[in-house]
2 protein chains.
Amino acid sequence: MIDGPLDMLIRQLAALPGLGTRSARRIALHLLTNKDKTMLPLAKNLNFVAESIQTCHVCGNLDEGDICRICKDQTRDRTTLCVVSGVADLWAIERTGSYKGTYHILGGVLSALDGIGPADLNLDALISNVRAKNISELILALGATVEGQSTAHYITDQLGDVKDIKITRLAHGLPVGGELDFLDDSTISTALKARANLGA
Amino acid sequence: MIDGPLDMLIRQLAALPGLGTRSARRIALHLLTNKDKTMLPLAKNLNFVAESIQTCHVCGNLDEGDICRICKDQTRDRTTLCVVSGVADLWAIERTGSYKGTYHILGGVLSALDGIGPADLNLDALISNVRAKNISELILALGATVEGQSTAHYITDQLGDVKDIKITRLAHGLPVGGELDFLDDSTISTALKARANLGA
C-alpha cells in the first residue's frame, strides 16, 4: 500500500457505510483513471452539497435552503402529517409518489437498548405542532420493529387528550410481490388477521 | 427523490464501481450528517489527489510526482522486473512486502474477445527495457486466466532471442488456507503435478 494522499483517500472511502478497504481501493483507482469526468466533478459537488444542503427547520428533511421544498409546497395537504424515523424513510415514501401530505422527522426511534429516550428525539416539536396546527390525520410511518411500535405507542399516549385527530400506522402484511413461503410466521398471522375483502 | 445537487451527488456516487442507488443514498446521507468530519475532508482530498497523483513514467504506477517511490527507491533490486496487468495488482504484490524488485504495468492483458491487441498494451516499452537494461529475471505476474497466460506467452515469444534472462510466472496451486473440497478440478490437478517435496 502506498502512503500519502492516495492512501488517505482509500481510508476515507473505506470509512463510508457499506464500503471496505477492497471496494475503496477499486473506487480510488476508478476515480484516478477518470479524473476529469468523475473525480473532479465529484469533489466539486461534494463541496457544493455540503454548503447548500441544510436541515429543514419545519420537518427535518435535507434540502437546499432552510425550509425544504415539501414544506414550501402550497399544494401539499397540511392537515395530514406523516411521522418518520429519518430522512431515508421520508425519501422512500416520496419516491412512491403516493403521499401528498407533509412530514415530521423524529431523528430515530425510542430504544432502551441504545439508550435513546424521548428527550433524544424530535418529539416535543411534534406534540406541540399537532396541538397548535389543524392536523386531521397523523400517520406514524415507523418500522414494524419493537422500537418503532413502542415509539408509536408513546406518541399516541402523548396525544391522548387531542380531539378530532386520527392516528394511523402503515398496514402490516405481505410485501407486494412477496411469496408466502419466504415470510416469517408473525407477518403471515398478522396478514391473516387483517385480511381484506376481495372486490371491496 | 429530491432533485438538485443532492440528487446529482447520489447519481455520481451510484456510478462508482460496486455502488448502486441504494448504497449511494446511504453514503450521501452519511456524508451530510458528518459534513465537517467526513464530507469536506473527502472533497478536499479528492481535489488534492487528482492534482498530485500521476502515472509513473517508468513503471506506470500511480504516485506523487512523475516517478513513483518504487522506481526512485535505490534499495530495490533493478535486475528483477515484475510484469503486472494493472495498478491494483502492483498494490496487491506490494502489500505482501515479499517482493523487492521493480515493476512494469502493462495496462491490461491481451484479449481477442475485448479487442485488446499488443498495440493497446504497454508492451514495446517492456521489450525495449528488458533489452536495454540488465534484467536477470522477468516475473510475469499475470492472472491464471486464458488472457493472462496468452499475454505471458506473447511476451516470452518476443524475448526469445534475449540471452541470460530467466522468465518466470507465479506458482499455480492451492490458495493458502484453501480447502481441497472447494477448489476446481484444474487447480487441483495443477497443484498435484507441481507437488513439492515436504521438508525439501
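Calculation rules
Residues numbered from 1 in each chain as written. Chains lettered and ligands numbered in written order. Predicted model: local features only at pLDDT ≥ 70, side-chain atom pairs only at ≥ 80, totals over all residues. Heavy atoms only, no water. Pairing = 2+ DSSP bridges. Helix = DSSP H or I, 4+ residues; strand = E, 2+ residues; numbered from the N terminus. Right-handed = clockwise from strand over helix to strand, strands pointing away. Domains from an automatic or database assignment. Salt bridge = Lys/Arg side-chain N within 4 Å of Asp/Glu carboxyl O. Buried < 20%, exposed > 50% of the residue type's maximum accessible area, 1.4 Å probe, protein only. Axes fitted to C-alpha atoms, helices over the stretch in contact; angles between N-to-C directions. Parallel < 35°, antiparallel > 145°, perpendicular 65-115°, else oblique. Left-handed = near helix turned anticlockwise from the far one by under 90°. Contact = heavy atoms within 4.5 Å. Nonpolar A, V, L, I, M, F, W, Y, C, P; charged D, E, K, R; others polar. Buried area = accessible area lost by both parts, 1.4 Å probe. Polar contact = N/O pair within 3.5 Å; in protein donor to acceptor, adjacent residues only side chain to side chain. Phe/Tyr/Trp six-rings, centres within 6.5 Å; stacked < 30°, edge-to-face > 60°. Least-squares fit on C-alpha atoms with pLDDT ≥ 70 in both.

*Asks:* What's the story with the pairing of strand β6 (residues 166-169) of chain A in this structure? I'm lost.
*Replies:* Along a regular strand, successive side chains alternate from one face of the sheet to the other. Sheet analysis places strand β5 (residues 137-140) of chain A next to β6 of chain A, joined by 4 bridges and oriented parallel. Opposite Glu137 of chain A, over in β6 of chain A, you have Lys166 of chain A as the bridge partner.

*Asks:* It is not clear to me how the pairing of strand β3 (residues 77-84) of chain B should be interpreted in this structure. Could you clarify?
*Replies:* All names here are of chain B. Sheet topology note: the β3/strand β4 (residues 101-105) ladder contains 5 bridges and is parallel. Its bridge partner lying in β4, Asp77 is registered against Gly101. Viewed along the sheet, the connection from β3 through helix α5 (residues 87-96) into β4 turns out right-handed.

*Asks:* Can you help me understand the environment of Gly101 of chain A in this one?
*Replies:* Tracing the backbone through its elements, the reader meets Gly101 of chain A in strand β4 (residues 101-105). Each C-alpha atom, one on Gly101 of chain A and one on Thr75 of chain A, is 9.0 Å from the other, the two residues being 26 residues apart in sequence.

*Asks:* Sorry, what's going on with the domain arrangement of chain A here?
*Replies:* Often, the extent of an interface is quoted as the loss of accessible area upon association of its parts. Examined at the domain level, chain A breaks down into domain 1 (5-54), domain 2 (72-169) and domain 3 (171-200). Just the C-alpha atoms count here: the centres of domain 2 of chain A and domain 3 of chain A sit 24 Å apart.

*Asks:* Would you explain the pattern of salt bridges in this entry?
*Replies:* Any two side chains of opposite charge can pair, given that their charged atoms come close. Per the stated rule, a full pass over the model turns up 10 salt bridges over all chains. Taking the shortest distance from any N to any O, the salt bridge between Arg131 of chain A and Asp161 of chain A comes out at 3.0 Å. Of this pair, Arg131 of chain A sits in helix α6 (residues 123-132) while Asp161 of chain A is found in the loop between α7 (146-158) and β6, placing the two residues 30 residues apart along the sequence. Overall, Arg131 of chain A belongs to the partly exposed group, its relative accessible area being 42%. Glu64 of chain B serves as the salt-bridge partner of Arg69 of chain B, at 3.6 Å between the closest nitrogen and oxygen. Judged by its relative accessible area of 31%, Glu64 of chain B is partly exposed. Each of Asp63, Glu64 and Arg69 of chain A takes part in one network of salt bridges that share partners.

*Asks:* Got a minute to help me understand the packing of helix α6 (residues 123-132) of chain B against helix α7 (residues 146-158) of chain B in this structure?
*Replies:* Two quantities define a packed helix pair, namely the angle between the helix axes and the distance between the axes. Residues and elements named next belong to chain B. Where α6 meets α7, the axes come as close as 11 Å, and the angle between the chain directions of the two elements is 45 degrees. Of the possible angle classes, the one that applies to α6 and α7 is oblique. As α6 packs across α7, the resulting crossing turns out to be right-handed. Every residue of α7 that contacts α6 at Leu123, Leu126, Ile127 and Arg131 is listed here: Tyr154, Ile155 and Gln158. Considered class by class, the residues forming the contact of α6 with α7 number 5 nonpolar, 1 polar and 1 charged.

*Asks:* Would you mind showing me how to read the sheet that holds strand β5 (residues 137-140) of chain B here?
*Replies:* Sheets are built from strands paired through backbone hydrogen bonds, the pairs being either parallel or antiparallel. Residue and element names in this part refer to chain B. One open sheet accounts for 4 strands, arranged β4-β3-β5-β6; its pairing is parallel. At either margin of the open sheet sits one strand with a lone partner, and together these are β4 and β6 (166-169). The average angle at which neighbouring strand axes cross in this sheet is 25 degrees, direction not considered. Most of the contacts of α5 go to β4, to which it runs at about 160 degrees, and overall it touches β3 and β4.

*Asks:* Help me understand the interface of chain A and chain B, please; the structure alone is not making it clear to me.
*Replies:* Taken residue by residue, the interface counts 48 residues in chain A and 48 residues in chain B. Of the roughly 4500 Å² buried between chain A and chain B, counting both surfaces, carbon and sulfur atoms make up 74%. Our enumeration of links across chain A and chain B arrives at 0 salt bridges. Applying the counting criterion to the chain A and chain B interface returns 10 residue pairs in polar contact (both at pLDDT 80 or more). Secondary-structure elements contributing two or more residues to the side of chain A that touches chain B are α1 (5-14), α2 (21-33), α3 (35-52), β2 (62-64) and α5 (87-96) of chain A. The element best represented in the side of chain A that touches chain B is α3 of chain A, accounting for 14 residues.

*Asks:* Please clarify how the packing of aromatic side chains should be interpreted in this entry.
*Replies:* Between two aromatic rings, the relevant description is the distance of the centres plus the angle of the planes. All names here are of chain A. Under the definition given, this model contains 2 aromatic pairs over all chains. Seen from their ring centres, Tyr99 and Tyr103 are 5.1 Å apart, and the 65 degrees between their planes marks the pair as edge-to-face. Comparing Tyr99 with Tyr103, the two get one shared label, buried.

*Asks:* Could you clarify how one ought to interpret the relation of the copies chain A and chain B in this entry?
*Replies:* Here the second copy of the chain follows from the first by a rotation about an axis and a shift along it. Note on the identical chains: chain A maps onto chain B by a rotation of 180 degrees and an axial translation of 0.0 Å, with an RMSD of 0.0 Å. Seen this way, the second copy is the image of the first under a two-fold rotation axis. When C-alpha distances to the rotation axis are compared across chain A, the minimum falls at Ala43 of chain A, with a value of 2.2 Å.

*Asks:* Before we go on, may I ask you to explain the sheet that holds strand β3 (residues 77-84) of chain A in this structure?
*Replies:* Residue and element names in this part refer to chain A. Read across the open sheet, the 4 strands follow the order β4-β3-β5-β6; overall the sheet is parallel. Of all the strands in the sheet, the pair left with one neighbour each is β4 and β6. Sheet twist, expressed as the average angle between the axes of neighbouring strands with direction ignored, equals 25 degrees. In this fold α5 packs onto β3 and β4, with an angle of close to 160 degrees to the strand it touches most, β4. In the packing of α7 onto the sheet, the strands contacted are β3, β5 and β6, and the crossing angle to β5 comes to about 160 degrees.

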